[in-house]
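Residue-level structure breakdown
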Amino acid sequence: IKIYKYIYIKYLLFKMVEKYEPKFILLEQFKRSELTNLNNLYNMVSSIEKLEELFFTNNSHERNSLLKYEIMASIKQLDDYLLNMSSLSKVEISFVYFVKSYLLDRLPEYLKIAEESANKSLKLNPFIADSYNCIAHIIWKKGEIDLAQNYFLQALQINPKDKSTLRNLSMI
């Protein structure tokens, strides 16, 4: 599963790459970029997902507090990347905003900053189904079911067989 998630993050980056520029140019940019150290991003996302799966015997409040702390620490790292936006490509900035919204969506409550990050990611790269799925889930938490459904349907237009999107859409 760990290797699968690592490959999936690489796949997302590759999908973003091919939408904007010829592959060989961006691959060279990615090799030189600090952000494309996928191990760092992978470890960040993976540690949050592992924490989500932990079972705390007596107190889910303890789990939620620890989860929120870890997510906010990761968001600080992502914000540090965004401070160097001049050295990042459009694809990389979009990916950072996507990861930021994805991590914030792991929290049980709606956060406006999660919605803003997802919107920024979509504005920079509107061709990634996972970005639509993420913002739809965030909007769903906000209580705007019709808008969330529209985002899920847009995700399905890009990737009609996405199991996560189909599952989420079936729950609305």
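The rules behind the values
- Residues numbered from 1 in each chain as written.
- Predicted model: local features only at pLDDT ≥ 70, side-chain atom pairs only at ≥ 80, totals over all residues.
- Heavy atoms only, no water.
- pLDDT = per-residue confidence, 0-100.
- Helix = DSSP H or I, 4+ residues; strand = E, 2+ residues; numbered from the N terminus.
- Contact = heavy atoms within 4.5 Å.
- Salt bridge = Lys/Arg side-chain N within 4 Å of Asp/Glu carboxyl O.
- Buried < 20%, exposed > 50% of the residue type's maximum accessible area, 1.4 Å probe, protein only.
- Axes fitted to C-alpha atoms, helices over the stretch in contact; angles between N-to-C directions.
- Parallel < 35°, antiparallel > 145°, perpendicular 65-115°, else oblique.
- Left-handed = near helix turned anticlockwise from the far one by under 90°.
- Nonpolar A, V, L, I, M, F, W, Y, C, P; charged D, E, K, R; others polar.

Some points on the confidence of the model for the protein
Across the protein, the average pLDDT comes to 77, with 73% of residues at or above 70. No element of the protein has a lower mean pLDDT than helix α2 (residues 23–32), at 40, and none a higher one than helix α6 (residues 112–124), at 95. pLDDT under 50 marks residues 16–37. Its contacts with residues more than four places away, or in other chains, come to 35 contacts.

Points about the pattern of salt bridges
Counted under the stated rule, the structure contains six salt bridges. Taking the shortest distance from any N to any O, the salt bridge between K76 and D80 comes out at 3.3 Å. Separated by four residues within a single helix, K76 and D80 lie in helix α4 (residues 60–83), roughly one turn from each other. Given a relative accessible area of 32%, D80 falls into the partly exposed group. Measuring nitrogen to oxygen at the nearest pair gives 2.7 Å for the salt bridge that ties K100 to D79. Highlighted residues: K100 in helix α5 (residues 90–105) and D79 in helix α4, separated in sequence by 21 residues.

Examining the side chain of T165
Within the secondary structure layout, T165 lies in helix α9 (residues 163–171). Among the residues examined, T165 registers a relative accessible area of 0% and is labelled buried. Not counting chain neighbours up to four residues away, the residues in contact with T165 comprise N133, F152, A155 and L156.

Brief notes about the side chain of S117
Relative to the helices and strands, S117 is located in helix α6. Beyond its immediate chain neighbours, meaning those up to four positions away, S117 contacts Y97, K100 and S101.

Details of the packing of α4 against α5
Packed helices, taken two at a time, are described by the angle their axes make and the gap between the axes. Two elements in contact, α4 and α5, have axes separated by 10 Å at closest approach and are oriented at 165 degrees. Compared by their axis directions, α4 and α5 come out roughly antiparallel. Seen from above, α4 lies across α5 with left-handed handedness. In contact with I71, M72, S74, I75, L78, D79, Y81 and L82 of α4, α5 contributes I93, V96, Y97, V99, K100, L103 and L104. Considered class by class, the residues forming the contact of α4 with α5 number 12 nonpolar, one polar and two charged.

Side note on the environment of V99
On the secondary structure map, V99 appears in helix α5. Placed 55 residues apart in sequence, V99 and M44 show a C-alpha to C-alpha distance of 9.5 Å. For V99, the contacting residues outside a window of four places in its chain are V45 and L78.

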